[in-house]
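Listed below, chain by chain, are the residues.
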Amino acid sequence: IGAAFLRPIYEDLHDQTTPSLCNTRKAYFQPMSLSEKSHLCLRWWIEALTSGLSNQVQPQDVSTLGATWGDGSGTGAGGTFNLASHQNDSTLTTLDVWQGIWTPAACTFSSNWKELKTLHQTLVHEQQLGGHRIKGRRLLYFTDNMVTYDVFRKGTSKSMKLWTLLLHIKLI
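Scope of this entry: the structure provided in the associated data block. Every chain is numbered independently, its residues counted from 1 as its sequence is written. Residues qualify for local features only when their pLDDT is at least 70, as the model is predicted, and side-chain atom pairs are given and counted only at 80 or more; totals for whole chains, interfaces and linings, by contrast, use all residues. By convention in this description, side-chain values take in all heavy atoms of the structure and omit both hydrogens and water.

**Focus on the overall build of the protein chain**
Move 1: Only DSSP runs of H or I covering at least 4 residues are called helices, and only runs of E covering at least 2 are called strands; the numbering of each starts at the N terminus. Each helix and strand in the protein chain was counted, giving six helices and four strands.
Move 2: In sequence order, the secondary structure elements of the protein chain are arranged as α-α-α-β-β-β-α-β-α-α.
Move 3: By the compact-globule yardstick of 16 Å for 172 residues, the protein chain is too spread out, its C-alpha radius of gyration being 19 Å.
Move 4: Each principal axis of the C-alpha atoms in the protein chain carries an extent, and together these give about 65 × 40 × 25 Å. Radius of gyration here is computed from C-alpha atoms only, and the compact-globule reference equals 2.2 Å multiplied by the residue count raised to the power 0.38.

Okay, here's the thing in structure tokens:
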């Protein structure tokens, strides 16, 4: 679930300035300084574990698939959501469309941040609806932005803004 969020702590441990202690048992049992990223990771783990996010969940309803498309641009963002199933279920969504404009503060962020934020907003929207449409089902998110795809797939980013946004996405 959050293995990538242990990496900064590992890097802090192995970037210690005392070369004589490097890779020794003593290095693991002494005080060390943590970077801002490590502090964010530890806060993420505390929130994840206290909110019950403790194991990866596989879909139980494999016959229903949630498909969502998202796009964030210079001035706004939007997306669609649809459920597909072989079952004739009247509760399935035919097509749900959402859109919005960025706040003036968000307009200053990069296009990659806006695209990743669109994924975040898609998941927040589902969460606000109670999550019943996607709970126990596989959700596919389609984007035209390869950075969004790679950041989510790899679970990390060199950009602090994208990495911080990814932390929020992984808690949803």
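**Description of the pairing of strand 1 (residues 64-72)**
Move 1: Strand direction decides the pairing type here: strand 1 and strand 2 (residues 76-85), joined by nine bridges, are antiparallel. Pairing of Ala67 across the sheet is with Asn82, part of strand 2.
Move 2: Strand pairing follows a simple DSSP-based rule, namely that at least 2 bridges must link the two strands. Taking the residues between adjacent antiparallel strands as the criterion, strand 1 and strand 2 are bridged by three residues.
Move 3: With five bridges joining them, strand 1 and strand 4 (residues 138-142) adopt parallel strand pairing. Note that in strand 4 the partner of Leu65 across the bridge is Arg138.

**Points about the packing of helix 4 (residues 111-128) against helix 6 (residues 160-171)**
Move 1: Only the stretch in contact is used when fitting a helix axis, every axis being a line fitted to C-alpha atoms; angles between N-to-C directions are given from 0 to 180 degrees. Interaxial distance between helix 4 and helix 6 falls to 10 Å at its minimum, and their mutual angle equals 10 degrees. Accordingly, the angle class assigned to the pair helix 4 and helix 6 is roughly parallel. Contacts between helix 4 and helix 6 involve Asn112, Trp113, Leu116, Lys117, Leu119, His120 and Leu123 on the former and, on the latter, Lys161, Leu162, Leu165, Leu166, His168 and Ile169.
Move 2: When residues are sorted by character, Ala, Val, Leu, Ile, Met, Phe, Trp, Tyr, Cys and Pro go into the nonpolar class, Asp, Glu, Lys and Arg into the charged class, and all the rest, Gly among them, into the polar class. Of the residues in the contact of helix 4 with helix 6, the class split is eight nonpolar, three polar and two charged. Working rule for angles: under 35 degrees goes down as roughly parallel, over 145 as roughly antiparallel, 65 to 115 as roughly perpendicular, anything else as oblique. The contact definition used throughout considers only heavy atoms, calling two residues in contact when any of these lie within 4.5 Å.

**Some words on helix 1 (residues 7-14)**
Move 1: Here's how the labels work: a residue is buried when its accessible area is under 20% of the maximum for its type, exposed when over 50%, partly exposed in between, all with a 1.4 Å probe on protein chains only. If you check which residues of helix 1 are buried, you get Pro8, Asp12 and Leu13. For helix 1, the arc enclosing every buried residue in end-on projection is 140 degrees, short of the 170-degree limit, so these residues lie on one face. Throughout, the arc means the angular range of directions from the helix axis out to the C-beta atoms.

**Details of the pattern of salt bridges**
Think of it this way: side chains of opposite charge can pair up when their charged atoms draw near.
Move 1: Within this document, salt bridges are pairs made up of a side-chain nitrogen of Lys or Arg and a carboxyl oxygen of Asp or Glu, the two lying within 4 Å of each other. Applying the stated criterion across every chain, the model contains five salt bridges.
Move 2: One salt bridge in this structure joins Arg137 and Asp61, with 3.0 Å as the shortest N-O distance. One end of the pair, Arg137, is in the loop between helix 4 and strand 4; the other, Asp61, is in the loop between helix 3 (36-50) and strand 1, and 76 residues separate them in sequence.
Move 3: Arg153 is the salt-bridge partner of Asp150, the closest N and O atoms lying 3.3 Å from each other.

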